[in-house]
Amino acid sequence: MISQFMIYSRFRHRAYLLTMLTSIGLLMLSTTLQAEPPAPVLPYQSLHETQGTVTCASSLCHGAIKTWKESNVLQNEYITWSRTDKHAKAYNKLLNAKSQQIAKKLGLKQPAHEAKICLDCHAHNVPEDRRGDRFKLADGVTCEGCHGPAEKWLVTHIERDASHAKNKSAGLYPTSDAAPRAKLCLSCHFGNKDKLVTHRMMAAGHPRMSFELDTFTEIAPKHFVVDKDYAARKQVWDELKTWAIGQALVVSETMDILLDEKRGRDGLFPELILFDCHACHHPMSENRWKPKNAFGASISPGLVRLNDGNLIMLRAVAFAIEPAQGEAIAEQIRKLHRAIAGDGDVQTEALALKKMANDLVTVIAHKPLNTATIRSAALRLIDDGLDGYYDDYAAAEQAVMAISSVGSFLNKQSGIRNVAAFNQNLRKLNDALASDERYKPAEFAARLRELRTSFATIPASISAPDPK
Ligand code: HEC
Ligand code: HEC
Ligand code: HEC
Ligand code: HEC
């Protein structure tokens, strides 16, 4: 079995370390796949009534102090969430001085903890008429904020013939599936058409956002265990696919915001969070412009560049998992950069990229993976850095999270030569991200080169025992 992951987490950049394997445990190479259901409505969009956290929290339900041996699930989820999960404190954060200051600077009419633009992400802020008697806004990002309002599944999910499929059709949100999970987390950790941390909010003091689906699933305090029994009930998503699908969907959401009349604009200017922060925020005396591989040859100095950390990741995903699509996606990204610089139509190019990203999600979901693919994905992430793709901080930050995810999966296939050395190098990479202001691409590349030696040459395919 794989023991608890060691977590290396720091403010604003996170990567998680690999676990020493005592034996080759679950080798989760996805093979069979279920047909994809239509995109589910997000918990905050559901028309069902939210029942309130206390309805989940009884000691006979999910509020047990100790895990139950005879149950499929841990049963102490409420304890984990309420004691250690930041989501439980997300509303409380709106009461602190920082939040009150943000609200004041933005000139909001209400204090932060009453303002819809804050509550939409810091709580399960459903309309009044969809709040049951035991609903409490102050509970923050609640069970139902992720698992969906329980009106129709609360009673049935504990019946004898309950199944994951039945629960889902009664409105349980499919957090177990990679793409819907990505949409859920991203709705708050990146933003979507309905809610967004804008440049104005950041200028008023809101932290920058950085998110990667696999890493964040891993570093959030776990209230579930992916074991044999889990695999019998639900599909298991490996780290590579989770990362890849998360990346494709961020790009898709970014294109939506870019194209959205309301979200994509702020007065005369476009919404600035879509652009590279350091294109604007650096001293003029640095004179640091140089051409970049990532942007293609035609991007000249003096332009506001797209914030393309996730675009660079999408390119890496495509080359690693679906090489036939790699060059097409790389070219589409260059076209979008050119269009934003005035050479081409932004609408056309953004829509084309969005379609490619969405199509890639389906391809990734169904692609059988072998160890050679995982290894080449890991090497691609490193070699892109050596080719200068991570000159921007946001891209480097994404790359570190990606390397920790893909590395973790590779490790489960015995594809890491020396786990301790890998972890040590990962720490150094993370340290190179300590401050976005002082980020040095050359130093980062040097650390990447060291890490490259950790990957073992492994046979293309190890037979994967079924987790069941
Ligand atoms: C699109 C969703 C979204 C919106 C809108 C939003 N936030 Fe946040 N906020 C987040 C997320 C996600 C984090 C955690 C970021 C991280 O750690 O990666 C966060 C973090 C914060 C933090 C830092 C918390 C800490 O632990 O130090 C404060 C303070 C904050 N938000 C206040 C506000 C206020 C005030 C508003 C309204 C003006 C607001 N937020 C609007 C999603 C949002
Ligand atoms: C930030 C989102 C989030 C919140 C909040 C949250 N969960 Fe989860 N939960 C997940 C994810 C992600 C999984 C893992 C994927 C899956 O199996 O659905 C999960 C899994 C579970 C499972 C299934 C474990 C299994 O083996 O099948 C249970 C039960 C559960 N959560 C209960 C709760 C309860 C009770 C609360 C509130 C106290 C809660 N969750 C709050 C995201 C969340
Ligand atoms: C309804 C909005 C919302 C959703 C949905 C949501 N989050 Fe969050 N998340 C937040 C906010 C707000 C914070 C910051 C809370 C704080 O700092 O007090 C946060 C914090 C976190 C943190 C802690 C980060 C840190 O700085 O330590 C992790 C990890 C995390 N979320 C993972 C996830 C994952 C994984 C999902 C999807 C399964 C998810 N979140 C879904 C709003 C959300
Ligand atoms: C197109 C240029 C541009 C881009 C891109 C940009 N900003 Fe800004 N930013 C500005 C301007 C202009 C101001 C206002 C400066 C002032 O008031 O003196 C500002 C102000 C800020 C402030 C407040 C600084 C202060 O002194 O109070 C923060 C924080 C900030 N931006 C963060 C970001 C982040 C994070 C990003 C990337 C996600 C970003 N900016 C992208 C132009 C930009």
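Scope of this entry: the structure provided in the associated data block. These numbers were taken from a predicted model, which means no experiment stands behind them.

## Some words on the coordination of the iron atom of ligand 2
1) Next: The iron atom of ligand 2 binds to the protein through H147 (NE2) and H223 (NE2); the donor distances cover 2.0 Å.
2) Next: The coordination sphere of the iron atom of ligand 2 comprises 6 donor atoms, whose angles at the metal cover 88 to 179°; the geometry is octahedral. Here the residue H147 occupies a position in helix 4 (residues 143-147), and H223 occupies one in the loop between helix 8 (213-219) and helix 9 (228-233), the gap between them amounting to 76 residues.
3) Next: Residue class for H147 comes out partly exposed when judged on its relative accessible area of 27%.

## Regarding the coordination of the iron atom of ligand 1
1) Next: The iron atom of ligand 1 binds to the protein through H122 (NE2) and H206 (NE2); the donor distances cover 2.0 to 2.1 Å.
2) Next: Around the iron atom of ligand 1 sit 6 donor atoms, and with donor-metal-donor angles ranging over 85 to 179° the site reads as octahedral. Note that H122 is positioned in helix 3 (residues 116-122) and H206 in the loop between helix 7 (199-203) and helix 8, a separation of 84 residues in sequence.
3) Next: Residue classification places H122 among the partly exposed positions, given a relative accessible area of 22%.

## Notes on the packing of helix 17 (residues 419-431) against helix 18 (residues 441-452)
1) Next: Taken N-terminus to C-terminus, the directions of helix 17 and helix 18 make an angle of 170°; their axes are 9 Å apart at the nearest point. The pairing of helix 17 with helix 18 is recorded here as roughly antiparallel in orientation. Contacts between helix 17 and helix 18 involve F422, N425, L426, K428 and L429 from the first element and F444, R447, L448, E450 and L451 from the second.
2) Next: Across the contact of helix 17 with helix 18, the residue classes tally to 6 nonpolar, 1 polar and 3 charged.

About the thresholds
- Residues numbered from 1 in each chain as written.
- Chains lettered and ligands numbered in written order.
- Predicted model: local features only at pLDDT ≥ 70, side-chain atom pairs only at ≥ 80, totals over all residues.
- Heavy atoms only, no water.
- Donors = N, O, S within 2.8 Å, 3.2 Å for Na, K, Ca; no water.
- Tetrahedral: all angles 85-135°; square planar, octahedral: opposite > 155°, others 65-115°.
- Helix = DSSP H or I, 4+ residues; strand = E, 2+ residues; numbered from the N terminus.
- Buried < 20%, exposed > 50% of the residue type's maximum accessible area, 1.4 Å probe, protein only.
- Axes fitted to C-alpha atoms, helices over the stretch in contact; angles between N-to-C directions.
- Parallel < 35°, antiparallel > 145°, perpendicular 65-115°, else oblique.
- Contact = heavy atoms within 4.5 Å.
- Nonpolar A, V, L, I, M, F, W, Y, C, P; charged D, E, K, R; others polar.

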